[in-house]
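# Structural overview
What follows is the residue order along each chain.
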Amino acid sequence: MKPILYIENLNKRFDGTVALDNFSLKVQGASITGIIGPNGAGKTTLFNVITGFLPPDSGSIQYNDQQLIGLPSYKIARDGIVRTFQQLRLITRLTVLDNILLAFQNQAGERLRNIFTFSRLIKIQEQANRKKTQELLDSLEIRDKENALVEDLSYGQQKMVSLLCCLAAGAKMVLLDEPVAGVNPETINIILEMIRKLPEQGVTVILIEHNMDAIMRVCDNLVFMDQGKKIVEGDPEMVRNNPAVIEAYLE
Amino acid sequence: MEYFLHILILIGIYVILSVSLNLIVGYTGLLSVAHAAFYGVGAYVAALLAIKFHSPFLVNIILAVVFGGLLGAMVGIPTLRTRDDYFMVTTFVFQVIIFSIFNNWVSFTGGPMGLPGIPAPSFFGWRIESHLDYLIVVLVFSLLVVILSLRIGHSPFGRVLKAIREDEIFSQAHGKNIAFFKIAIFVIGAGMASVAGLVYAYYISFIEPTSFTVMESIFIISIVIIGGAGNIWGSIVGATFLVALPEALRFIGMPNAIAANIQQLIYGALLVLCMLYRPQGFLGEYSFDK
């Protein structure tokens, strides 16, 4: 099967530190790929390059036969690749509802023409998006937090909201940077359950995580990287038992 | 009575200026000190058209808004590459340049002597002359500006502006072209400020550059901050309060020469108090003390 994302020979250096070193990866559609590796291995840099927040020094990223390199990050998001951040990024001084509503694409109310002409379309779409938001919140059992400010949520709930923002944005591919790190076990279960169901809805997932148990529970494919290089890739069980991986995680 | 109407007209003009600046500063978080420049451009465009071409009021309104908006884009596009303090300094530079043009292009703008004798406008046979006439005009314009600003503020467009203020990267990661939103709101804000300039020019019938200095920009920012950044009603309250305040001082028998200085003192003290005890202003939801 043809991969949905085809990363080829990515290179990125920061003042002598190698963040990505000839990194290549093929990601199948509607699959879950895990990326592990020690701190500074280049995992987050990889996400930043894919989503257009950092230009690579060289290399190519094909997504559905479209070259992503050179595209601004907002266009990549519109093409369906939406990410979360390791240091959570949400509008903490706005409500959960506002954060998720913001994420929807193609909003009539974001076009000035409709605002100046007092278009009814805005209200209709806004109500539809509100309904979808409530369904999303229901799916993670946090409907009661709809009107809470994001800054008043627990860390785990904030991670949930950032995941829901990706889905509201209509993501075909979500890049999750440590979706369950620092979250209590019960919430981890809810989040993992949601992630596991995403491929059924046609969504491809790539996630960075240090929690090996979580990785083993959801991933179809696992990549171990170190110093910007892909060291091992394949079946999660096989990768976990690779001597290089064992060494890195025992240190 | 005329004196009272005069104060109301001034309040109306400052409502337009502060509400439009609030869209830029309060909603989008772009601390621009160039608002008096847009205000001035509206005034000069209207005055020059009225004096040199005797063009109709309606045409002048449209042209003032168009010129103000164009200048907004001209300032916005290069400036918006910068952020935070650098953004403020860049808008400051534009403010100074525009003032210098008003002040030094003597053959066109009259230089420091200004432009006297702006003829009273008429609108479909209604000659706008008395204080009451101007009050009606200013009320109509400020109402339009307030309605449009509320509409923008409460729309998904306004939600994106707030998101840009809080976190540009989050907004980009969810498909928002933040450069477009910033330039758009800058153009809209500048266009609205030009309307205030137009009303001012016709009303006073004489304009000169010192009405449009950086001090004026700072005064408008004070209204926005004291009234409450990110809240349209806050700017209306702020404009009313800060414009009426010096007049109140006059009422308690303060001589004019002293009142002017005291006024500056009070504005300064108010800003400091605001920063210390209520950084979000009267009605604001957003403070600058991130």
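Residues numbered from 1 in each chain as written. Chains lettered and ligands numbered in written order. Predicted model: local features only at pLDDT ≥ 70, side-chain atom pairs only at ≥ 80, totals over all residues. Heavy atoms only, no water.

Quick look at helix α11 (residues 232–251) of chain B now. Residue and element names in this part refer to chain B. Spanning 20 residues, α11 covers 29 Å between terminal C-alpha atoms, matching the ideal 28 Å at 1.5 Å per step. Of all the bends in α11, the greatest reaches close to 35° and is centred on leucine 245; the proline proline 246 follows between one and four positions later. Residues Ile232, Gly234, Ser235, Gly238, Ala239, Leu242, Val243, Leu245, Pro246, Glu247 and Leu249 constitute the buried set of α11. The inward-facing, buried residues of α11 contact α1 (2–27), α6 (131–154), α10 (214–227) and α12 (256–277). (Helix = DSSP H or I, 4+ residues; strand = E, 2+ residues; numbered from the N terminus. Expected span 1.5 Å × (residues − 1). Bend = angle between axes of the 7 residues up to and from the residue. Buried < 20%, exposed > 50% of the residue type's maximum accessible area, 1.4 Å probe, protein only. Contact = heavy atoms within 4.5 Å.)

Next up on the list: a nonpolar patch on the surface. Among the surface-exposed residues, Leu58, Ile62, Val66, Leu70, Phe123, Phe124, Trp126, Leu132, Ile136, Val140 and Leu144 of chain B lie close enough to one another that they form a single nonpolar patch of about 1100 Å² accessible area. For the nonpolar patch, the secondary-structure elements that each account for two or more residues are α3 (57–79) and α6 of chain B. (Patch = residues over 30% accessible without salt bridge, like charges linked within 9 Å, V, L, I, M, F, W, Y side chains within 5 Å. Areas by Shrake-Rupley, 256 points an atom, 1.4 Å probe, with all protein chains shown as cover. Salt bridge = Lys/Arg side-chain N within 4 Å of Asp/Glu carboxyl O.)

What follows is about the interface of chain A and chain B. It is common to give the size of an interface as the accessible area that goes away when the parts come together. At the interface, 34 residues of chain A touch 27 residues of chain B. Taking both partners together, chain A and chain B bury about 2800 Å²; carbon and sulfur atoms supply 65% of that area. When the area that chain A buries against chain B is broken down by residue, the three leading residues are Arg89, Arg93 and Leu102 of chain A, summing to 24%. At the junction of chain A and chain B, the tally comes to 4 salt bridges. (Buried area = accessible area lost by both parts, 1.4 Å probe.)

Residue and element names in this part refer to chain A. Reading across the sheet, the 6 strands line up as β6-β7-β8-β3-β9-β10 and stay open at both edges, with mixed pairing between neighbours. One side of each edge strand has no neighbouring strand; the edge strands of this open sheet are β6 (81–83) and β10 (229–234). The sheet shows a mean angle of 20° between the axes of neighbouring strands, taken without regard to direction. (Pairing = 2+ DSSP bridges. Axes fitted to C-alpha atoms, helices over the stretch in contact; angles between N-to-C directions.)

Let us now look at the layout of surface pockets. All names here are of chain B. A volume near 650 Å³ is recorded for the largest pocket. If you trace the largest pocket, you find 27 residues lining it, with Tyr14, Glu216, Phe219, Gln263 and Tyr267 closest to the centre. Those elements that provide at least two residues to the lining of the largest pocket are α1, α9 (178–204), α10, α11 and α12. Of the residues forming the lining of the largest pocket, the biggest block, 8 residues, is contributed by α12. When the residues that make up the lining of the largest pocket are grouped by side-chain class, the tally is 15 nonpolar, 9 polar and 3 charged. (1 Å grid on protein atoms, 1.4 Å probe; cavity = no way out; pocket = protein on both sides within 12 Å on 5 of 7 lines; lining within 4 Å. Points joined across faces, edges and corners; volume = space filled by probe spheres on them. Nonpolar A, V, L, I, M, F, W, Y, C, P; charged D, E, K, R; others polar.)

Our focus in this paragraph is the domain arrangement of chain A. Residue and element names in this part refer to chain A. When the domains of chain A are assigned, the result is domain 1 (1–80 + 171–251) and domain 2 (90–169). Taking only C-alpha atoms, the centre of domain 1 and the centre of domain 2 are 26 Å apart. Every contact between the two is made by 15 residues of domain 1 and, on the other side, 13 residues of domain 2. When the buried surface of domain 1 facing domain 2 is broken down by residue, Ala171, Ile190 and Met194 rank first, second and third, together holding 40% of it. Applying the counting criterion to the domain 1 and domain 2 interface returns 3 residue pairs in polar contact (both at pLDDT 80 or more). Of all the secondary-structure elements, those providing two or more residues to the side of domain 1 that touches domain 2 are β7 (173–177) and α7 (185–197). (Domains from an automatic or database assignment. Polar contact = N/O pair within 3.5 Å; in protein donor to acceptor, adjacent residues only side chain to side chain.)

Our next topic: empty space enclosed by the protein. Residue and element names in this part refer to chain A. Counted under the stated rule, the structure contains 3 cavities of 30 Å³ or more. Considered as a void within the structure, the largest cavity measures approximately 70 Å³ in volume. Residue lining of the largest cavity: Thr84, Phe85, Leu88, Lys159, Met160, Ser162, Leu163, Leu176, Asp177, Glu178, Pro179 and Ile191, and that is the complete set. Secondary structure elements with two or more residues in the lining of the largest cavity: α6 (155–168) and β7. Among the elements that make up the lining of the largest cavity, the one with the highest residue count is α6 (4 residues).

Grouped together as the largest cluster of nonpolar side chains are 147 residues, with contacts concentrated most on Ile100 of chain A together with Ile207 of chain B. Taken together, domain 1 (1–80 + 171–251) and domain 2 (90–169) of chain A each give at least three residues to this core, which thus spans both. When near neighbours in sequence (up to four residues on either side) are disregarded, isoleucine 100 of chain A contacts Thr133, Leu136, Leu137, Val161, Leu164, Cys165 and Ala168 of chain A. Leu5, Val27, Leu46 and Phe47 of chain A belong to the second largest nonpolar core, which has 25 residues in total. (Core = buried A, V, L, I, M, F, W, Y, C linked by side-chain atoms within 4.5 Å.)

With that settled, the discussion passes to unusual backbone geometry. Residues and elements named next belong to chain A. The phi dihedral of alanine 30 is positive, around 50°, even though this residue is not glycine. With respect to the helices and strands, the residue alanine 30 is situated in the loop between β2 (17–27) and β3 (32–36). Alanine 30 sits in the partly exposed class, given a relative accessible area of 34%. Of note in this structure, phenylalanine 118 is not a glycine but carries a positive phi near 50°.

Before going further, it helps to spend a moment on the side chain of histidine 174 of chain B. Within the secondary structure layout, histidine 174 of chain B lies in the loop between α8 (168–173) and α9. Exposure remark for histidine 174 of chain B: the relative accessible area of 2% places this residue in the buried category. Look past the residues within four positions of histidine 174 of chain B in its chain and what remains in contact with it is Ala77, Val82, Ala103, Gln105, Cys165, Cys166 and Ala169 of chain A.

With that out of the way, let us pick up the pairing of β2 of chain A. Residue and element names in this part refer to chain A. Pairing analysis gives 7 bridges linking strand β1 (residues 5–14) to β2, with the strands arranged antiparallel. Paired with phenylalanine 14 across the two strands is threonine 17, which belongs to β2. Hairpin connection, β1 to β2: the antiparallel pair is bridged by 2 residues, and aspartate 15 has positive phi, about 40°.

Glancing now at the pairing of β7 of chain A. Residue and element names in this part refer to chain A. Among the 5 residues of β7, 5 are classified as buried, and the element is accordingly described as predominantly covered. Residue alternation in β7 divides its side chains into two sets, Met173, Leu175 and Asp177 and Val174 and Leu176, and both sets are buried. Here β6 pairs with β7 via 3 bridges, running parallel. Each residue of the ladder has a partner; that of isoleucine 81, found in β7, is methionine 173.

The next subject is the pattern of salt bridges. One pass over the full model with this rule turns up 17 salt bridges over all chains. A salt bridge links aspartate 65 of chain A to lysine 2 of chain A; the shortest N-O distance between them is 2.7 Å. Placement of aspartate 65 of chain A in the loop between β4 (58–63) and β5 (66–67) and of lysine 2 of chain A in the segment before β1 is noted, with a sequence separation of 63 residues between them. When its relative accessible area of 59% is taken as the criterion, aspartate 65 of chain A is described as exposed. Between lysine 230 of chain A and glutamate 233 of chain A there is a salt bridge whose closest N-O contact spans 2.7 Å. A cluster of three or more residues bridged by salt bridges with shared partners is formed by Arg93 of chain A together with Arg165 and Glu166 of chain B.

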